[in-house]
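# Residue-level structural notes
Listed below are the residues making up each chain.
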Amino acid sequence: MDEQPRISDAEWEIMKVIWTKSPATAADVIHALRDNKTWKDKTIKTLLSRLLQKGILTYEQVNRVYYYSPVLTEEECKRQERQSFLQRVYGGALKPMLVHFLKEEKLSSQEIDELKKILSEREK
């Protein structure tokens, strides 16, 4: 997969709306974020424009209204973000990252059992 441009934290908020409701207008995104963000309408439109420029969004114009749709699925963007993080922080090495998280983070018994199951299945 070609490397996609990184998505900023603010752009992730926009994309969460687009992935949930697509195609979506700028007004749809503004309405969806109204209760959780103090962003001005212009800020949201600027973020939509940046996502278009990065090739993360596409649009269809009907009369004077733009309908935005994602180019990539949420999972594809998450995969790219994971790979970017792993490369930047751990030099691409998965084991040190896993060891770090397992030592530093609190895990429930259920989470530990899930991890054991996943590792067991990978060995087969």
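Position labels on residues start from 1 in each chain and follow its written sequence. The model is predicted, so local features are restricted to residues of pLDDT at least 70 and side-chain atom pairs to those at 80 or more, both for listing and for counting; the totals for chains, interfaces and linings are taken over all residues. Only heavy atoms go into the side-chain values, all of them from the structure, while hydrogens and water stay out.

In this text, buried Ala, Val, Leu, Ile, Met, Phe, Trp, Tyr and Cys residues form a nonpolar core when linked through side-chain atoms within 4.5 Å. We call a residue buried when its accessible area falls under 20% of the maximum for its residue type, exposed when it is over 50%, and partly exposed in between, using a 1.4 Å probe and counting protein chains only. One finds Ile-14, Ile-18, Val-29, Ile-44, Leu-48, Leu-51 and Leu-57 to be the most contacted residues of the largest nonpolar core, which totals 21 residues. Secondary structure is summarised from DSSP: a helix means a run of H or I of at least four residues, a strand means a run of E of at least two, and numbering begins at the N terminus for each. Looking at this core, the elements that each hand over two or more residues are α1 (9–20), α2 (26–33) and α3 (41–53). In terms of residue count, the dominant contributor to this core is α1 (six residues). Two residues qualify as a contact provided that any one of their heavy atoms is within 4.5 Å of a heavy atom in the partner residue. Those residues in contact with Leu-51 that lie beyond four places of it in its chain are Ile-7, Glu-11, Ile-14, Met-15, Ile-56 and Leu-57.

In this section: the packing of α1 against α2. For helices, the fitted axis covers only the stretch in contact; all axes are lines through C-alpha atoms, and the angles between them, taken along N-to-C directions, range from 0 to 180 degrees. Here α1 crosses α2 at 110 degrees, and the two axes come no closer than 10 Å. In terms of their interaxial angle, α1 and α2 are classed as roughly perpendicular. In this structure, the crossing between α1 and α2 has a hand that is right-handed. Of the residues in α2, those touching α1 at Glu-13, Ile-14, Val-17 and Ile-18 are Val-29, Ala-32 and Leu-33. Small angles under 35 degrees read as roughly parallel and large ones over 145 as roughly antiparallel, with 65 to 115 read as roughly perpendicular and the rest as oblique. Handedness of a helix crossing follows the sense of rotation of the near helix relative to the far helix, less than a right angle counterclockwise being left-handed and clockwise being right-handed.

Next up on the list: the pairing of strand β1 (residues 57–62). The rule for pairing is simple: two strands pair if DSSP sees at least two bridges between them. Strand direction decides the pairing type here: β1 and strand β2 (residues 65–70), joined by six bridges, are antiparallel. When the sheet's bridge partners are listed, Val-62 is paired in β2 with Val-65. Linking β1 to β2, which pair antiparallel, is a turn of two residues; within it Asn-63 sits at a positive phi near 55 degrees.

Here Lys-21 shows up in the loop between α1 and α2. A sequence separation of 81 residues divides Lys-21 from Leu-102, and the C-alpha atoms of the two residues are 35 Å apart.

Let us look at the pattern of salt bridges. A side-chain nitrogen of Lys or Arg and a carboxyl oxygen of Asp or Glu constitute a salt bridge if their distance falls within 4 Å. Scanning the entire structure with this criterion turns up five salt bridges. Of the charged contacts in the structure, one is a salt bridge between Arg-6 and Glu-81, with a shortest N-O distance of 2.9 Å. One end of the pair, Arg-6, is in the segment before α1; the other, Glu-81, is in helix α4 (residues 74–90), and 75 residues separate them in sequence. What makes Arg-6 partly exposed here is its relative accessible area of 42%. The salt bridge involving Glu-13 is made with Lys-16; its shortest N-O contact spans 3.4 Å. Placement of the pair is Glu-13 and Lys-16 together in helix α1, with a separation of three residues, close to one helical turn.

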